[in-house]
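One-letter residues, chain by chain:
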Amino acid sequence: MIRRPPRSTPLYSSAASDVYKRQMLFKQETLTNVATEIMTKAGAPRENARIVAEHLVIANLKGHDSHGVGMVPNYVKAMLDGLMKPAQSAQLIKDSGAVLSYDGDTGFGRIVGMQAMEEGVIRAKKHGISCVALGNAHHLGRIGIYAEYCADQGLVSSHYVNVVGHHPMVIPFGGRDPRFVTNPFCCAVPRPNGEHVVLDMATTTVAAGKVRVAYMKGVPVPPNSLVDKDGLETQDASVVFSKGGGGAMQPFGLHKGYGLMVICELLGGALGGNFSMQPGNPRKGATINNMLSILIDPSAIGNLQEFDEEVSAMIDYIYDSQPATGVEQVLIPGDPERTTAEQRSAEGIDIDDNSWEDIMNSARDAGLSQSDLDPLLS
Ligand code: NAD
């Protein structure tokens, strides 16, 4: 497993409020409590705020800061602007047994998404397969959580997701004008030892949140991630996140990654939610996800034990591949998140000072004072 050198930075202490502006390491529980309090104050039922906060912090824990507590300001703004309904449950609008259709009605993505997935699992266990369409959910966050839930119940699942509700940020392959957002795709294969194979990715070279994090930290993004206003490649995140930057993101993997992005738009958006990025649909400024999920019970196809053994044999064969020069070990999808979660559980979660400042500003927007926050941070 990949190991980072141990960190010497201490965990956060609330000795003085100017400490908020440093790069800091937080305990999982501290971040969860702060995020819960902010979203509750902004109008969410405490129980929902807690579930969503846990979801965000798990994303941080697994190394996906782009979908961690840095999303709190987005959620608070959506609540305060009336673009998200924090108490909303998923509404079942069509039920054909193995096929379910839900309207998320701009509820918290994590809440309505998991409600839809829970019923999807029940139906897949009954019929051997289920297909769950979820439209108009507010940001679902890290899609891996829905696939991991299915995998924990022994199901294979794949999830096609589009992102709408605001202006497009991603160019089509060979184009210059943006037409998409970051359309994530996710597929998980369960393993009895819990070390599921989880491919969970944006169909852009990097997730939009990672461009935001790079912008916040003032560091370059990886090559082939962005283009400037002239359609020329750049690693400067400000072309996307600063006002008037005029740049856009790129799909990963040339025409092939772009093709998967189109499929996510059409399956997640047009089929799953009847809500694609085409300009006839509303763009009120919220971050809306539509998701089409297909859940398969492997035991409905064949012998479960043989399937598990075949998966394990193949994974062992992959691990046995000699690493390339400079690479420590060949991994399978899901390994990096497991390793990072182990490290961050022990060492704490880094939050850069700009993101923290944004979170603190959203706390104030929600109506919390410094003295409300200090006890949570001690
Ligand atoms: P990423 O590039 O860090 O990882 C993508 C996948 O590659 C993961 O499954 C990971 O396990 C795997 N991986 C990474 N390194 C590997 C290696 N060396 N060997 C084998 N596998 C490896 O992820 P990303 O594209 O930046 O996406 C980050 C998160 O953003 C995801 O959780 C995604 O669901 C989320 N996202 C959400 C939305 C939304 O609108 N809700 C939009 C875009 C992305």
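Now for a look at the structure at hand. This structure is a prediction, so every number in the text was calculated from the model and none was measured.

Concerning empty space enclosed by the protein
Overall, the coordinates contain 1 cavity of 30 Å³ or more when judged by the stated rule. The computed volume of the largest cavity comes to approximately 110 Å³. The wall of the largest cavity is formed by 13 residues, among which Asp65, Asp350, Ile351, Asp352 and Ser355 lie closest to the centre. At the level of elements, helix H6 (208-217), strand S12 (349-351) and helix H12 (353-366) are the ones that each hand at least two residues to the lining of the largest cavity. Here the element with the most residues in the lining of the largest cavity is H6; it accounts for 3 residues. Partitioned by chemical class, the residues of the lining of the largest cavity number 4 nonpolar, 4 polar and 5 charged.

With respect to the side chain of Arg212
Residue position: Arg212 is located in helix H6. For the buried Arg212, no salt bridge exists, and the shortest N-O distance to an oppositely charged side chain is 6.4 Å, to Asp358. Beyond its immediate sequence surroundings of up to four residues, Arg212 is in contact with Asp65, Ser66, Gly70, Met71 and Phe241.

Looking at the sheet that holds strand S2 (residues 91-95)
Sheet architecture is open: 7 strands sit in the order S2-S3-S4-S11-S5-S6-S7, paired in mixed fashion. In the strand order of this sheet, the two ends are held by S2 and strand S7 (197-201), each with one partner. Pairwise comparison of adjacent strand axes, ignoring direction, gives a mean angle of 15° for this sheet. For strand S5 (residues 156-164) and strand S6 (residues 185-189), the ladder comprises 4 bridges, and the chain directions are antiparallel. Paired with Ser157 across the two strands is Ala188, which belongs to S6. Of the strands in this sheet, strand S4 (129-138), S5, S6, S7 and strand S11 (288-296) touch helix H8 (residues 254-273), which is tilted by about 85° from S5.

Considerations on the pairing of S6
Bridge count for S6 against S7 is 5 bridges, and the pairing is antiparallel. Across the sheet, residue Cys186 finds its bridge partner in S7, namely Asp200.

So, the pattern of salt bridges
Taken as a whole, this structure holds 13 salt bridges when the rule is applied. Between Glu148 and Arg142 there is a salt bridge, with its nearest N and O atoms 2.9 Å apart. Overall, Arg142 belongs to the buried group, its relative accessible area being 5%. Residues Asp350 and Arg344 are paired through a salt bridge, measuring 3.9 Å at the closest nitrogen-oxygen approach. For the residue pair Asp350 and Arg344, the accessibility class agrees, reading buried in each case. One continuous salt-bridge network, built from bridges that share partners, spans Glu29, Arg50 and Glu54.

Conventions and cut-offs
- Residues numbered from 1 in each chain as written.
- Predicted model: local features only at pLDDT ≥ 70, side-chain atom pairs only at ≥ 80, totals over all residues.
- Heavy atoms only, no water.
- 1 Å grid on protein atoms, 1.4 Å probe; cavity = no way out; pocket = protein on both sides within 12 Å on 5 of 7 lines; lining within 4 Å.
- Points joined across faces, edges and corners; volume = space filled by probe spheres on them.
- Helix = DSSP H or I, 4+ residues; strand = E, 2+ residues; numbered from the N terminus.
- Nonpolar A, V, L, I, M, F, W, Y, C, P; charged D, E, K, R; others polar.
- Buried < 20%, exposed > 50% of the residue type's maximum accessible area, 1.4 Å probe, protein only.
- Lys, Arg positive; Asp, Glu negative; His and termini not counted.
- Salt bridge = Lys/Arg side-chain N within 4 Å of Asp/Glu carboxyl O.
- Contact = heavy atoms within 4.5 Å.
- Pairing = 2+ DSSP bridges.
- Axes fitted to C-alpha atoms, helices over the stretch in contact; angles between N-to-C directions.

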